[in-house]
Structure formats: C-alpha cells, structure tokens
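Each chain, written out:
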Number of protein chains: 2
Amino acid sequence: MATLQLASWATNLQYANLTTDVLLAANKSFYNWAGCAIGGFASQPAPQIALNTTLGPFSGPATSSILGANGSITHGFADAQLAALVNGIASHVDDYDDTHLETIIHPAGPVASALLAIAEAYGPVTGQDFMTAFIAGVETECKLGLSVWPQHYDVGWHITSTTGAIGAAVAVSKLLSLDTNHTAQAIGIASTQVIGMQAFFGSDTKSFHIGRAAQSGMLAALLAKNGYTSASDALEAKYGWLHVVSTRDNATAYFDQLGKEWEIKKNTFKPYPCGIVMHPAIDGAIQLSNQTHDNNNSIENVKSIELRVNPEVLVLTGKTSPQTGLEGKFSIYHATAIGLLYGEATPSQFTDDVVKNATVVDLRKKVNVTTDEGVPTDAAYVTLRYEDGTELEKHVEHAKGSMENPLTDAELKKKFMEQVTLAIGSERAARATSVDHHSPQIVKKICL
Amino acid sequence: MATLQLASWATNLQYANLTTDVLLAANKSFYNWAGCAIGGFASQPAPQIALNTTLGPFSGPATSSILGANGSITHGFADAQLAALVNGIASHVDDYDDTHLETIIHPAGPVASALLAIAEAYGPVTGQDFMTAFIAGVETECKLGLSVWPQHYDVGWHITSTTGAIGAAVAVSKLLSLDTNHTAQAIGIASTQVIGMQAFFGSDTKSFHIGRAAQSGMLAALLAKNGYTSASDALEAKYGWLHVVSTRDNATAYFDQLGKEWEIKKNTFKPYPCGIVMHPAIDGAIQLSNQTHDNNNSIENVKSIELRVNPEVLVLTGKTSPQTGLEGKFSIYHATAIGLLYGEATPSQFTDDVVKNATVVDLRKKVNVTTDEGVPTDAAYVTLRYEDGTELEKHVEHAKGSMENPLTDAELKKKFMEQVTLAIGSERAARATSVDHHSPQIVKKICL
C-alpha cells in the first residue's frame, strides 16, 4: 500500500494544510537551490558540457530557463527535459546545496529542477501551487530515504538521486494535477530508473545524478499523465524499489508520518561547497587559522594537524591526493588544509589550481585523521602541532549549518549573493535578492 | 581493471576480427530487432504514447528514424535521443525479441536502438563500422550479465536494461571512435543509471526499460565524448556497478573471455511474443491442439491441462488472472490456453480482447502447474485430461527457439514479415525482405 498511500497523500495535499514554518523552510530551500544552480552553472564545466557541447543540439522548443546560462548557445532556455537536467547538474555541482541531515539527501535539486522546468513549459502556475508541489516532492524523497536508510546508502547508492527521481515525479504529478492512480503510475515509472552510485563522487557524474533524477522524474509524470502504465504497488512489490535497492524490513513505516512529521523543516544549508561530513573539521581549521594569526607560531611552523572525527568522514571524503577541484570536495585533507591556510572555504578554494597549489599540497600531507565512533557527524576535534612542540586545539561541537547551528538568514543571503554575482554581476545580484524571495518569481526575475 | 579492460577491448575491436558466424549472428539479431521495433510500434500503445502524446513536443531536430512510425506526429523521425527511446520501447513491447539464454538478456534492443539513432544523426556510417559497434555492445551486455548472474536477476533487476545501458554506451562510443579512456568514462556514466525492475513486467514500463537504457547509454557516450568525467574504475569500484547491483565475488572473470567466447553466437529468436520461459509449454499446447482435431475428444471436453515445468515459470509468468494483453504475456495459464485453443501464439493471441475472451478465460482456469527443478527451462510436460478420463501427453524436450531447436531462416523471415506487414502492408514488407539483410540499410529501405 506504500505506493498508493504516498500518491494519495500527495494528491490530497493542499496549500492551506501548510503551516508558516513549513512554507518558510520550503522558501529557503528553493532560494538556496536557485543560488546554487546559478553559481554552479557559472563556475563549473559539468553543466556547460551537458548543455553547450552535448545536448543543446538536441533541444526541442526552448520553453524553460537554464539558470545562470544567458550566455549559453541556447541563450538561457531549453526544452523542459533538458532544462531539468542542466539545472539539476548545476545545482549540485559545487556540493553547496541543502541537506536533510538524517539521510544526507540534498532534497531541493531533483525536485526544484524538474518543477521549475515543467512550470515554465506548462504554466502559468501560481506560487502557491508551485510551493505545494515542491513540498510534496521533498517530503517524498525524505520519507523514502528514511525508509531505506542506512543500508541503501551503505551499499553505495547516491541517495539524493535514487530518491530524487521519485520525488520529482510526485512533484510534477502534483503540479499537473494528476489523480492518485496516475500519480502512483508516475511513482512506478520513476522508481524503476535508479540513478546514482557513490563511485562517481569527485567527478562530473556526481552532479549528473541530480539532473538525471530530475529529468527521469519529470518524464515519469508526463508518461503517466498520458496513460503509460506501471504498477500501483511499485514501491512495495517483491521486485519493486523498496526491496530491490534496500534490505530494510520496516521500510514503509515512515509513510504513516507523511503530513504529520515534516521533513522539509529539517532541511539545512551548507556553508562550504563540499562533502558535508567535512564541515566540522573545516570549522575547526578556520577558527584555528584566525588564532594562528595572533600566535607566535605561523602556518609554516605547523608540524601536523590531527583530526578526530566520525568514521563516515574517511568513508566518504578520504581522498588523500585529489587532482581536481571536484576531487578536493571529497578530501578531508584538502578541506582541512585550505580552511587553515585561507581562513575560509568557498568555491575559490575548491578549484583545480588550488588543489594543485604546492603550499596546499604540502599542508594537506600534514593532516592525520583518527576516526572515532564517539564523535558525532557534526562534530570534530582539530589539533595543530607546531615544530616547537606547542599545540592549539579546537573542539567543534556542532558544525556551522547543522540543525543546532544553522545558517542565519543573513548568511544564507550572503551565500546566494556570492553565487549569483558570479553569473550576473553584483549589481543585478543585489536587485535579485531585494525582491520577495517567498515566491519562485525570484528565479524569473534573476533570469531577466 | 574491468572497466578499462572492457573499454580497451571495444576500442581495439576491428571488423576484420569478426568471423563469418559472428557476423551472421549479428545480422540476424539486427534483422529480428528491426522487425520487432516496426511491429511493436504498429501494434502496441506504449511506443505511441511515448512518442505522440508525451515526448514528440519535446523533440529537437528530427535526424533519426522511428521505425514503423511514418504516420506519427513526427512523420517517423525525431531527435536521436527520442528515437533511441521510442525504438527501444517498440522493439521490446511485444516480448518478441532476441534472447541470450544464459542470462535471459534481450541484447539487440538497447544497443541497436541507440546505434541506429546516433548513426543517422552523426552519419554517414559504413555497414562494417555499424556492425562492429553493434557486436561490441552486445558482447558488453552479455559479459556483464554473466558477471552478475543469477543473483542480480534474482533480487529483481530487469537484466536486459541494467546491462543494456552500458552495452549501448560502448556501442555508441565505438561508432564515434572514442579512445579507451573516453569509452571508460562513458561506461561509468551509463553504469550509474540502473534502469529496470521486474515489478513492472506486464505493464508499459517493462518496454520503457529498454528504450531508456538505449537513451541513457547514448547520452553517456555523448557526454564522455565531450569530456564529461566519471570514473575509470566504474564497474569494479567498491561503490560501483558490479558491487552495488550484485553480490557476486568472481564478477570480472568473464571479461577475460571478451573476443574469445562470442556471446552473440548464442543469441536466439523467439517464436512467440511473450515470456520465454513459457515457450516449451506453448509448444506442447500447440502440438496437442493439432492432435485434438484428429481426436474424438474436442477442446470443450478438456477437464484439465496439467503442466510440469521449471520453477522459474511460476516466478516470472505466474499471473493467474491477466487483465490486459501485456499481462497475458506473463501468464502461463493464458499462454497454454491460447496455444491449445488457437493452435498458435502470435501477437493476435496477446491482445486485451483475447485475454478477456470468455472461452479463453474458461480454459485457462483449467490449467494446473506443477513445478519441478528437474525440468530444464527449455522443456515442459503438457498433459490434457478429458472428461471421459482419456489423456494426451506431450514432452517438449527443447522449445522452439532454443539453442538446440533454433528458428530457421525461413521462420525468422516469416516472423519479420508478419510484424512489418502490420506497419507497412504486405507488398512493401515483401520488398523490404527481398533486399540483402546483411546490412542496416534494410531499415532505411523499410522506412522509405
């Protein structure tokens, strides 16, 4: 019954059901997504290869915006399928997006990328309908993620995209007002496209997962709308999603909490554009960097940097010798070194040049990592050892961006501004942030 | 090393390496694929929904043929991505395609659908280059399938499409002359899109798997061509394809046999448009149907039909009360009943109407299935019990279409003619079959 339960919940969801805190969380998530997509397109090759070199020539009628891509060969627009793909890639390519911490899902990417593209192609759509569909999609992803966590992640699936295709399908189905049965068929068609494995972390293919999930979910909803059949027990069937991609037994219990426990309220925003498990160590390194300036010892005199962190850090971000900016986003060694050296961790510290910089390479070789089950994933102990035997230590209890230490509205705006400035300059970026960001209208205004 | 081993083998494969029996097997496979795609588009709603109602409006420049679709809204052409999707769906929708029996992979669908579409978009391409790429793709699929068989299938994956995306990527990479490294990246991008679960057997989504695999593999090759990065250890990495979708240990051993043991030579062709495990029972039913006519007892006097078959028959085709033609393709009860009643099992016996026909429904209720590990998958014991106590028994040792009892060239031609006639009439179908079918040119001629 999980499939029909989910489809029925989404079909019946009304904007009037949504409380202010749910809507505020959704608006922040969408705002953060838009900034990431715009900045990601401007700063990384992956979305540009996908659009300009590869798929632009295949585009159909250009109904939908590619965020931040005014200068591209398609002048910032493409067909809805291609726009979903490219916006999805761009929104994730900097590893700067939102995070549902319990599942490490980055929920906005697949859902918003599909939804904006289809809203433009099939619109006009009200902001209320858009946000209701967005929330339906995000709740879908996170409940699915909880249902298969952690076994699904532990075997190597990239959970953002494996759940994201289904979330996108539900969101687009909702926007297109499909009934429960058609929404269930869309869930089925989406669920049979399982996108994303962790082998590709640190390459262009990681962000492809998010774009392809957005596109696959949209395609599923469009096919279902037109009567394409799948299975109304797609999720719970013996050879369906929940069993094929997971071995969890009590998988469907979380579906009972749809509309009662809102996952979007737990969505968080990254302060650093890289694997989230490294964030507490980066916090510690940045804090120590500031102290180092007040200290007799300089960075040149650092003998070693000792980290004590949760074991997941090495599982996910254990690259000792990254060769590219993208690989640097999954190297705890690189992340700690740049935090200490630059006193910040922005997209500028995760470029190919910085990853190959001799001083950075030298410093990251001095990073030693000890793992400790007793250290939570949002905590870290960072110790600087100087040549003269002195030490500086930092205990980060809750990383910046965690539930206990979230980004403030001002910080979220600063992050958005930095990213959008890359694409359209600071003046227009300022105009974009001055509009009411409680509506997806913002994106259209940015694109103008 | 599996990924680079596969990429290197494919890159180095030459038409001159291919023996006559390999080429003949490839030509038959392509010929059978073309007939299935043409007939499938003409006879089933799935490819028509995908093209006409859903994705036609998204098509880019229409460079590539949709087989059998001259009358469609796109006049038989679409962009290469869409053509691959629709031809893939059409080629599998009748469950009439080719089968590599050791893995139950239907190899031509994903590979040929991607390859024809890209050849038309990027051509001209010689028949030799086309067939070399086709063979590279088929060998890829089958070696991958062997590497994960049977565990991968047993948990519920649809192995034709899960391996098919990678086969299509290798084939398109070969046709576009990518080097080993770029081909490896293409394998990576394809492998992270795992399409197809068995929950959808009996619905439109089953054939979607094949089309989406074709499209995903093509997309992977195009992205890789343009420098999109993935991982050169995509298959064997701890969180890569072989481990995430399978628990087999000795997975890569089959790669050593690339170019030594040719899988395409083991490709077989279905005489009946339905799940292949039912074929021996259908053979028996058809033979008994012929005998019944010579018998004092008529079909009305049949009390029961007793089947003794391999256990896989009930696992894959155990639908007791199919409601649609597509479901009938996965019902051993329906298949046995129509074999007995009509003396044949063609697309005409797997329509919604026949599945709901009262006489058929009545007869299929009389079918009893006993499973027996000792009965091979290509064998069956079929016994008719009449009201008067008499019995007729058939032991089918090797089903029609098996390695030991293959379709003759004449039978393959008859099958092709039947399917193509559906789309373009018997006169043009006859012209199509009169051309040399040792070249993909045939498809262009059919489409004219």
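As the structure is a prediction and not an experimental result, all values here were calculated from the model.

Along its length, chain A carries 19 helices and 9 strands. With respect to the three principal axes, the spread of C-alpha positions in chain A is 75 × 50 × 40 Å. Counting all 448 residues of chain A, 64% fall into the buried class. Across chain A, every contact between residues at least 6 apart in sequence was considered, and the portion connecting residues at least 24 apart equals 75%. When the accessible area of chain A is evaluated, it comes to approximately 14800 Å², of which 49% is carbon and sulfur surface. Charge separation in chain A, taken as the distance between the mean sites of 30 positive and 44 negative side-chain charges, equals 3 Å.

Glancing now at the domain arrangement of chain A. All names here are of chain A. Looking at chain A, the domain boundaries give domain 1 (2-269) and domain 2 (276-396). Summarising the inter-unit geometry, the C-alpha centres of domain 1 and domain 2 are found 33 Å apart. Between domain 1 and domain 2, the contact holds 15 residues from the first and 9 residues from the second. In total, domain 1 and domain 2 occlude about 1000 Å² of area from one another, counting both sides; carbon and sulfur atoms represent 66% of this. For the interface between domain 1 and domain 2, the tally reads 1 salt bridge. Our count for the contact surface shared by domain 1 and domain 2 stands at 1 residue pair in polar contact (both at pLDDT 80 or more). Residues of the side of domain 1 that touches domain 2, tallied by class, amount to 6 nonpolar, 5 polar and 4 charged.

Gaps left between atoms show up when a probe the size of a water molecule is rolled over them. This model, assessed by the stated rule, comprises 5 cavities of 30 Å³ or more. Of the pockets and cavities examined, the largest cavity occupies roughly 230 Å³. Forming the boundary of the largest cavity are 17 residues, of which Q81(A), Q215(A), D79(B), Q81(B) and Q215(B) lie nearest the centre. At 3 residues, helix 10 (residues 204-225) of chain B tops the list of elements feeding residues into the lining of the largest cavity. Tallied by class, residues from the lining of the largest cavity come to 7 nonpolar, 6 polar and 4 charged.

This paragraph deals with the pattern of salt bridges. All names here are of chain A. Scanning all chains against the criterion turns up 26 salt bridges over all chains. K28 is paired through a salt bridge with D409; the nearest N and O atoms lie 3.0 Å apart. With K28 in helix 2 (residues 20-43) and D409 in helix 18 (residues 409-434), this residue pair connects regions lying 381 residues apart in the sequence. What makes K28 partly exposed here is its relative accessible area of 21%. With a shortest N-O distance of 3.1 Å, K414 and E418 are connected by a salt bridge. Here K414 pairs with E418, and both are found in helix 18, just 4 residues apart, close to one helical turn. With relative accessibility at 34%, the residue E418 sits in the partly exposed group. Several salt bridges share partner residues, and in doing so they unite E102, K143, E261, E263 and K266 into one network.

With that settled, consider unusual backbone geometry. Between W149(A) and the following residue, P150(A), the backbone shows a cis peptide bond with an omega angle of 0°. That bond from G123(B) to P124(B) is cis: its omega, 5°, falls within 30 degrees of zero. Assignment of secondary structure puts P124(B) in the loop between helix 5 (108-122) and helix 6 (127-148). In this model, D95(A) sits at a positive phi of 50°, which is unusual for a non-glycine residue. Tracing the chain through its elements places D95(A) in the loop between helix 4 (80-92) and strand 3 (98-100). By relative accessible area, D95(A) is classed as buried at 4%.

Before going further, it helps to examine the interface of chain A and chain B. Facing 58 residues of chain A, the contacting portion of chain B comprises 58 residues. Here chain A meets chain B over a buried area of about 4700 Å², counting both sides, of which 66% is carbon and sulfur. When the buried area of chain A at its contact with chain B is split by residue, F58(A), Y228(A) and Y239(A) rank highest and sum to 17% of it. Where chain A touches chain B, the interface holds 0 salt bridges.

Here the focus is the sheet that holds strand 7 (residues 367-371) of chain B. The strands that make up a sheet pair up through hydrogen bonds in the backbone, lying either parallel or antiparallel. All names here are of chain B. Across the sheet, which stays open at both edges, the 4 strands sit in the order 7-6-8-9 with mixed pairing between neighbours. Unpaired on one side and paired on the other, strand 7 and strand 9 (391-396) mark the two borders of the sheet. Each neighbouring strand pair of the sheet contributes to a mean axis angle of 15°, computed without reference to strand direction. Where strand 6 (residues 302-309) and strand 8 (residues 380-386) come together, 6 bridges link them in antiparallel fashion.

So, on to the relation of the copies chain A and chain B. Note on the copies: chain A fits chain B at an RMSD of 0.1 Å, the axial shift is 0.0 Å, and the rotation between them is 180°. Those values place the two copies in the arrangement expected of a two-fold rotation axis. Residues of chain A ranked by C-alpha distance from the rotation axis are headed by G60(A), positioned 1.9 Å from it. Residue by residue, 100% of the interface of chain A is reproduced at the interface of chain B, so both copies engage with the same surface.

Let us now look at helix 1 (residues 2-12) of chain B. Working note: α-helix, 3.6 residues per turn, so residues spaced by three or four point in the same direction. All names here are of chain B. Within helix 1, the full set of buried residues consists of A2, T3, L6, A7, W9 and A10. Here the buried residues of helix 1 occupy an arc of 165° about the axis, which is enough to place them on one side. Those residues of helix 1 that are buried are in contact with helix 6, helix 8 (159-175) and helix 9 (180-191).

Below, the discussion takes up the packing of helix 8 of chain B against helix 10 of chain B. Residue and element names in this part refer to chain B. Two numbers describe how helix 8 lies on helix 10: the axes approach to 7 Å, and their chain directions differ by 35°. The handedness of the crossing between helix 8 and helix 10 comes out as right-handed. From helix 8, T160, S161, G164, A165, A168, A169, V172 and S173 reach across to helix 10, where they touch H209, I210, A213, A214, S216, G217, M218, A220 and A221. Broken down by class, the residue content of the contact of helix 8 with helix 10 amounts to 10 nonpolar, 7 polar and no charged.

Turning to the packing of aromatic side chains, a few remarks are in order. A ring pair, where both rings are aromatic, is described by two values, the distance of the centres and the angle of the planes. Residue and element names in this part refer to chain A. This model, assessed by the stated rule, comprises 17 aromatic pairs over all chains. An angle of 35° between the planes, with centres 5.2 Å apart, marks the rings of F30 and W33 as tilted. Within this pair, F30 and its partner W33 are both found in helix 2, separated by 3 residues, close to a single helical turn. Grouping aromatic residues by their ring pairs yields a cluster made of F30, W33, F130 and F134. Geometry around F201 places K206 over its ring, the cationic atom sitting 4.8 Å from the centre.

Criteria and cut-off values
Residues numbered from 1 in each chain as written. Chains lettered and ligands numbered in written order. Predicted model: local features only at pLDDT ≥ 70, side-chain atom pairs only at ≥ 80, totals over all residues. Heavy atoms only, no water. Helix = DSSP H or I, 4+ residues; strand = E, 2+ residues; numbered from the N terminus. Buried < 20%, exposed > 50% of the residue type's maximum accessible area, 1.4 Å probe, protein only. Contact = heavy atoms within 4.5 Å. Areas by Shrake-Rupley, 256 points an atom, 1.4 Å probe, with all protein chains shown as cover. Lys, Arg positive; Asp, Glu negative; His and termini not counted. Charge placed at Lys NZ, Arg CZ, Asp CG, Glu CD. Domains from an automatic or database assignment. Buried area = accessible area lost by both parts, 1.4 Å probe. Salt bridge = Lys/Arg side-chain N within 4 Å of Asp/Glu carboxyl O. Polar contact = N/O pair within 3.5 Å; in protein donor to acceptor, adjacent residues only side chain to side chain. Nonpolar A, V, L, I, M, F, W, Y, C, P; charged D, E, K, R; others polar. 1 Å grid on protein atoms, 1.4 Å probe; cavity = no way out; pocket = protein on both sides within 12 Å on 5 of 7 lines; lining within 4 Å. Points joined across faces, edges and corners; volume = space filled by probe spheres on them. Pairing = 2+ DSSP bridges. Axes fitted to C-alpha atoms, helices over the stretch in contact; angles between N-to-C directions. Least-squares fit on C-alpha atoms with pLDDT ≥ 70 in both. Arc of directions from axis to C-beta. Left-handed = near helix turned anticlockwise from the far one by under 90°. Phe/Tyr/Trp six-rings, centres within 6.5 Å; stacked < 30°, edge-to-face > 60°. Lys NZ or Arg CZ within 6 Å of the ring centre and 35° of its normal.

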